[in-house]
Amino acid sequence: MSTPDLLVVGSGLFGLTIAERCASELGLKVLILERRSHLGGNAYSEFDEETGIEVHKYGTHLFHTSNERVWEYVNRFTSFTNYQHRVFGKYQGQVYSLPMNLGLINQFFGKSHTPDEARALIAEQSSEIDTADAKNLEEKAISLIGRPLYEAFIKGYTQKQWQTDPKELSADIITRLPVRYTFDNRYFNDKYEGLPVDGYTAWLERMADHPNIEVRVNTDFFDVRDEFQGKVPIVYTGPVDEYFGNSEGRLSWRTVDLESEVLDVDDYQGTGVVNANDPDVPFTRELEFKHLHPERAASYTKGKTIRVREYSRFAEEGDEPYYPINTAEDREKLLKYRDLAKKEPMTLFGGRLGTYKYLDMHMAIGSALSMFDNKLAPHFKDGAPLTSGGVDE
């Protein structure tokens, strides 16, 4: 490709959506630079040759949305199965259905409760601490669901996720802890839910399959930025602090280590995700990907499955950042990066890393469509000024 009309840094769902819209709707030549050896960001998956199972290489990804526009858009590139995600949690040798619902309450307390009886029970147990008086995450959780459920299903899991005693974590981390007073155990409440029929990578590759789009993998933007900066508009989806050389300090992230093993059994745990709620179990959850696509059962190797154990920890330099930790100190740094971003010529910041926001897949796509509508299309079609920034959107 000769000099592109637009440079997109990062080929996750945000970057791919921007590239596809600009190429298809505006006829722009778009160059995507991807540091990894594949496109798709953390949504990337691949089929394991030994077992025939599609493995989500960066942890389980479940697509769900109630956004009609996003749903219509993604269905241009893939159809979806009717999979509905359900999660279970293991605690002291027993397995419970999550999120917390009437089934879990009855099982955990060893007694049948009507919905009203369960509400009264949780209200009584949570009255130990007034929510307004909660000084840390532990107190906030107890004020919402009571001490017994907190200690069983929140305390150990949270401590492993954050590598910090919940007493030392801010109460602001938890806004709510939903308890369903029905037996509904669907993990998501969105109108649409499913998994791409042909797999995530097939979906992502179709988004990039346009004659005006070139994807260069194994290419670090910072090695070639001088070729493009100030010459073409840039949509940057990498870590915002890295873009500015960590000049205002490194933002803190959590990362995930995944330990994968092929097991000589047909079925290891009977479902896709089981959380490990006991504090003395080092991993946070176990994944078994074959359960995400039961319709593919005939293609799987008999007597084999893949188990993945997921470990959460603070990201260090060189790690792949997954989730923003977003402490008060991080928010102060982010405000400074926002100011820098607004002054950066011809550059927009988007995606989870570029905005330092936790974005599910549908949120990343919706945000990219919004950037296309409100900034890129007016600029390229009508000559509107390209207002830099984007990390606060």
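By the naming in an unreviewed UniProt entry, the protein is UDP-galactopyranose mutase, taken from Nocardioides thalensis. Taken verbatim from the UniProt record of the protein, the Sequence similarities (unreviewed entry) comment is "Belongs to the UDP-galactopyranose/dTDP-fucopyranose mutase family." Its UniProt record, at the heading Cofactor (unreviewed entry), says of the protein: "FAD".

Draft legend 1. Layout of the sheet that holds strand E13 (residues 285-287). Ordered in space as E7-E6-E12-E13-E14-E11-E15, the seven strands form an open sheet in which the pairing is mixed. Only two strands of the sheet have a single neighbouring strand rather than two, namely strand E7 (94-98) and strand E15 (323-324). Bridge count between strand E11 (residues 253-263) and E15: two bridges; the pairing is antiparallel. For Arg-254, the partnering residue across the bridge sits in E15 and is Tyr-323. Its contacts with the sheet place helix H3 (residues 102-109) against strand E6 (87-91) and E7, and it is angled at close to 155° to E7.

Draft legend 2. The environment of Pro-115, seen in detail. Tracing the sequence through the fold places Pro-115 in helix H4 (residues 115-126). Take Pro-115: its relative accessible area is 34%, and that puts it in the partly exposed class. Between the alpha carbons of Pro-115 and Leu-102 there is a distance of 7.1 Å; along the sequence they are 13 residues apart. Not counting residues within four places of it along the chain, the set of residues in contact with Pro-115 comprises Leu-102 and Tyr-181.

Draft legend 3. Region of interest: the packing of H3 against H4. Look at H3 against H4: their axes get within 11 Å of each other, and the N-to-C directions meet at 65°. Classified by the angle their axes make, H3 and H4 are roughly perpendicular. Crossing hand, H3 versus H4: left-handed. Of H4, the residues touching H3 (which contributes Leu-102, Ile-105 and Phe-109) are Pro-115, Ala-118, Leu-121, Ile-122 and Gln-125. Among the residues making up the contact of H3 with H4, the classes are represented as seven nonpolar, one polar and no charged.

Draft legend 4. Examining H4 more closely. Over its 12 residues, H4 runs 16 Å from end to end, which matches the ideal 16 Å to within 8%, given 1.5 Å per residue. Within H4, the full set of buried residues consists of Ala-118, Leu-121, Ile-122, Gln-125 and Ser-126. Taken down its axis, H4 places every buried residue within 120° of arc, on the same side. The exposed residues of H4 that point more than 90 degrees off its buried face are Asp-116 and Glu-124. Against the buried residues of H4 lie H3, helix H5 (137-145) and helix H6 (147-153).

Draft legend 5. Spatial organisation of the pattern of salt bridges. Counting across every chain of the model gives 27 salt bridges. Notably, a salt bridge pairs Glu-320 with Arg-36, separated by 2.9 Å at the nearest N-O pair. Pair noted here: Glu-320 is in the loop between strand E14 (305-314) and E15 and Arg-36 is in the loop between strand E2 (30-33) and strand E3 (45-47), with a separation of 284 residues, a long-range link. Under the relative-accessibility criterion, Arg-36 is labelled buried at 13%. Residues Arg-285 and Glu-310 are paired through a salt bridge, measuring 3.1 Å at the closest nitrogen-oxygen approach. Here Arg-285 is found in strand E13, whereas its partner Glu-310 is found in strand E14, with 25 residues between them in sequence. Arg-285 gets classed as buried once you look at its relative accessible area, which sits at 17%. Taking the relative accessible area as the measure of exposure, Glu-310 reaches 6% and is therefore buried.

Draft legend 6. Up close: the nonpolar core. Ranked by internal contacts, the top residues of the largest apolar core, which has 105 residues, are Ile-18, Val-30, Phe-63, Trp-203 and Leu-376. Take this core: its biggest share by element is nine residues, from helix H13 (residues 361-382). Those residues in contact with Ile-18 that lie beyond four places of it in its chain are Leu-6, Val-8, Val-235, Ala-368, Met-371, Phe-372 and Leu-376. Counting five residues, the second largest nonpolar core, distinct from the first, contains Tyr-44, Tyr-58, Tyr-322 and Tyr-323.

Draft legend 7. Representation of the pairing of strand E12 (residues 273-276). Residues Val-273 and Asn-275 of E12 are buried on one face, and the alternating residues Val-274 and Ala-276, pointing to the opposite face, are buried as well. Inspection of the sheet shows E6 paired to E12 by four bridges, in the parallel sense. Note that in E12 the partner of Phe-88 across the bridge is Val-274. Pairing analysis gives three bridges linking E12 to E13, with the strands arranged antiparallel. Each residue of the ladder has a partner; that of Asn-275, found in E13, is Arg-285.

Criteria and cut-off values
- Residues numbered from 1 in each chain as written.
- Predicted model: local features only at pLDDT ≥ 70, side-chain atom pairs only at ≥ 80, totals over all residues.
- Heavy atoms only, no water.
- UniProt positions renumbered as here; feature names shortened; annotations may be inferred.
- Pairing = 2+ DSSP bridges.
- Helix = DSSP H or I, 4+ residues; strand = E, 2+ residues; numbered from the N terminus.
- Contact = heavy atoms within 4.5 Å.
- Axes fitted to C-alpha atoms, helices over the stretch in contact; angles between N-to-C directions.
- Buried < 20%, exposed > 50% of the residue type's maximum accessible area, 1.4 Å probe, protein only.
- Parallel < 35°, antiparallel > 145°, perpendicular 65-115°, else oblique.
- Left-handed = near helix turned anticlockwise from the far one by under 90°.
- Nonpolar A, V, L, I, M, F, W, Y, C, P; charged D, E, K, R; others polar.
- Expected span 1.5 Å × (residues − 1).
- Arc of directions from axis to C-beta.
- Salt bridge = Lys/Arg side-chain N within 4 Å of Asp/Glu carboxyl O.
- Core = buried A, V, L, I, M, F, W, Y, C linked by side-chain atoms within 4.5 Å.

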